[in-house]
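Residue-level listing of the chains:
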Amino acid sequence: MTAARHTTIASPIKMAEVFPQVVPFARVATRLHPRKGSPGVEQSSVGGPLLWPADEPWPGCGGEHPEDHLDAGPDDPAQGPLVPVLQLFAADVPDLPFPAGTDLLQLLWCPFDHQPWYSPRPHLRWRRRADVGARRETMPTPHEDADPAMIPDPCTVDPERVVEYPSHDLPREVWRQIDDAVRRVAEQTGWQYEYDLSEASGTKVGGYPGWTQSPDWPVCGCGTGMTHLLTIASWEFSRGDEKRWIPVEDRPAMAGWSFDGDDDHPWRAVQNPAGIMLGDVGGIYLFVCPSCPERPFDYRFDCA
């Protein structure tokens, strides 16, 4: 894993001194920092081509749950090919909990709304890179009625490990313990715990989901609570004046930012590089069971 070219600034707040109650809840997340590009099949990417065996059928939306397609979907769900969303190699994101014998994670989804979340339905594949053999040369064309806002543009990624703390997932009793410190820090420094000091924004691996609604962690069929595998986010950050989550190298591009600004302003390519929009600036959260060797998964979607 090479050094990241995008840098998240360190918090100027000494968390262990100011918020010692949250330190036990710290988790490592890997921000992927997708940026529009032309990734190859041998690269980790968002929305790029997948390293796919030539003799393996491409999955369509008529798979395990064809009945959950909403009215806007194709008349024959089997004719709706899934679209590439994410490909990650273990060498780039070693913190991913790969099942034994695998070193490649691929995420696809159907670019139509599905029950129960009114969102794309994800599909995960774990592979061993060396087992792929002859590879598929081209990716299928998305269904003609697919929503472009659910089809990620090809992006390279630049993984960067950061430490984050929970906000929505922080227990109520701990919130009560830090409430005065949260207000004091905001008044004295302008840094807000929920927006600047807790969960990292954007598409990431590990850490905590960036819930906008109440947390809803799935439980595996074996009875084990699932862990957060990754987040696919609509935006990499919410505001152009954010203190924390805009990488240092991208800050010059934010000059003159405005939500009413021109579509071709550089800040838009930094905030929404993959060009997706999930509901109202929502996110899809993937979870896996840490106990089952095959890593069964579930997902949640929420938005503002």
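Before reading further, recall that the structure is shown in the block above.
Residues numbered from 1 in each chain as written. Predicted model: local features only at pLDDT ≥ 70, side-chain atom pairs only at ≥ 80, totals over all residues. Heavy atoms only, no water.

Visitor: Outline unusual backbone geometry, supporting the account with residue identities and numerical values.
Guide: At the junction of Gln115 and Pro116, the peptide bond is cis and its omega measures out at 0° in the coordinates. In this structure, His33 is a non-glycine residue whose phi angle is positive, near 45°. Assignment of secondary structure puts His33 in the loop between strand 1 (27-31) and strand 2 (35-36). His33 sits in the buried class, given a relative accessible area of 2%. Non-glycine residue Tyr118 carries a positive phi angle of around 55°. (Helix = DSSP H or I, 4+ residues; strand = E, 2+ residues; numbered from the N terminus. Buried < 20%, exposed > 50% of the residue type's maximum accessible area, 1.4 Å probe, protein only.)

Visitor: Got a sec to walk through the environment of Cys303? Specific residues and values, please.
Guide: As for its position among the elements, Cys303 is in the segment after strand 12 (297-302). Between the C-alpha atom of Cys303 and that of Asp280, which follows or precedes it by 23 residues, the distance is 5.5 Å.

Visitor: Any details on the pattern of salt bridges? Residues and values, ideally.
Guide: Where charged atoms from two side chains of opposite charge come close, those side chains can pair. Taken as a whole and assessed by the stated rule, the structure comprises 13 salt bridges. Salt-bridge contacts for Asp216 lead to Arg300; the nearest nitrogen and oxygen are separated by 2.9 Å. One end of the pair, Asp216, is in the loop between strand 9 (204-206) and strand 10 (227-233); the other, Arg300, is in strand 12, with 84 residues separating them in the sequence. Salt-bridge contacts for Asp298 lead to Arg300; the nearest nitrogen and oxygen are separated by 3.4 Å. Judged by its relative accessible area of 25%, Asp298 falls in the partly exposed class. Each of Glu42, Arg129 and Arg135 takes part in a single network of salt bridges with overlapping partners. (Salt bridge = Lys/Arg side-chain N within 4 Å of Asp/Glu carboxyl O.)

Visitor: Run through the packing of aromatic side chains, naming residues and quoting values.
Guide: Counted by the stated rule, this structure contains twelve aromatic pairs. Here the aromatic rings of Trp217 and Phe287 are separated by 5.2 Å at their centres, their planes lie at 65°, and the arrangement is edge-to-face. One end of the pair, Trp217, is in the loop between strand 9 and strand 10; the other, Phe287, is in strand 11 (residues 283-288), and 70 residues separate them in sequence. A connected cluster of aromatic rings, assembled from ring pairs, spans Trp211, Trp217, Tyr285 and Phe287. If you follow Arg27 out to its NZ or CZ, it ends over the ring of Tyr208, 4.1 Å from the centre. Sitting above the plane of the Trp52 ring, Arg127 keeps its charged end 4.3 Å from the centroid. (Phe/Tyr/Trp six-rings, centres within 6.5 Å; stacked < 30°, edge-to-face > 60°. Lys NZ or Arg CZ within 6 Å of the ring centre and 35° of its normal.)

Visitor: Now, about the layout of surface pockets: what can you tell me, with residues and values included?
Guide: The computed volume of the largest pocket comes to approximately 630 Å³. Taken together, 26 residues line the largest pocket, and the ones lying closest to its centre are Ser201, Gly210, Trp211, Thr212 and Ser238. Residue assignment for the lining of the largest pocket shows that the elements contributing at least two residues are helix 3 (193-197), strand 10 and strand 11. The residue inventory of the lining of the largest pocket, partitioned by class, reads ten nonpolar, eleven polar and five charged. (1 Å grid on protein atoms, 1.4 Å probe; cavity = no way out; pocket = protein on both sides within 12 Å on 5 of 7 lines; lining within 4 Å. Points joined across faces, edges and corners; volume = space filled by probe spheres on them. Nonpolar A, V, L, I, M, F, W, Y, C, P; charged D, E, K, R; others polar.)

Visitor: Explain the nonpolar core to me, and be specific about the residues and the numbers.
Guide: Note on soluble globular proteins: their nonpolar side chains tend to be buried together. Core analysis: the largest hydrophobic core is formed by 30 residues, its most contacted members being Leu86, Leu229 and Leu230. Elements with a minimum of two residues in this core: strand 4 (83-89), strand 5 (104-114), strand 6 (119-127), strand 10, strand 11 and strand 12. Ranked by residues supplied to this core, first place goes to strand 4 with four residues. In this structure Leu230 touches Leu86, Leu105, Leu107, Lys204, Val205, Gly206, Ile284, Tyr285 and Leu286, once residues within four positions along its chain are discounted. (Core = buried A, V, L, I, M, F, W, Y, C linked by side-chain atoms within 4.5 Å. Contact = heavy atoms within 4.5 Å.)

Visitor: Lay out the environment of Gln188 in plain terms, naming residues and giving numbers.
Guide: Here Gln188 shows up in helix 2 (residues 172-189). For the pair Gln188 and Cys303, spaced 115 residues apart in the sequence, the C-alpha separation amounts to 31 Å.

Visitor: Tell me what's going on with the sheet that holds strand 8 (residues 160-164), and back it up with residues and numbers.
Guide: Taken together, six strands build an open sheet; the order of strands is 8-1-9-10-11-12 and the sheet is antiparallel. Sheet topology places strand 8 and strand 12 at the edges, where each strand pairs with a single neighbour. Strand-to-strand, the axes of this sheet are offset by a mean angle of 25°, without reference to chain direction. Pairing of strand 9 with strand 10 involves two bridges; the strand directions are antiparallel. In the strand pairing of strand 10, Lys204 is matched with Thr231. (Pairing = 2+ DSSP bridges. Axes fitted to C-alpha atoms, helices over the stretch in contact; angles between N-to-C directions.)

Visitor: Tell me about the pairing of strand 5, and please be specific about residues and values.
Guide: Of all the eleven residues making up strand 5, ten are buried; the element is thus mostly covered by neighbouring parts of the structure. Judged from the six bridges that link them, strand 4 and strand 5 form a sheet pairing that is antiparallel. Counted as the bridge partner of Phe89 is Leu104 from strand 5. Alignment of strand 5 against strand 6, held across eight bridges, turns out to be antiparallel. When the sheet's bridge partners are listed, His114 is paired in strand 6 with Ser119. Taken together, strand 5 and the strand that follows it, strand 6, pair antiparallel across an intervening segment of four residues, in which Tyr118 is found at a positive phi of about 55°.

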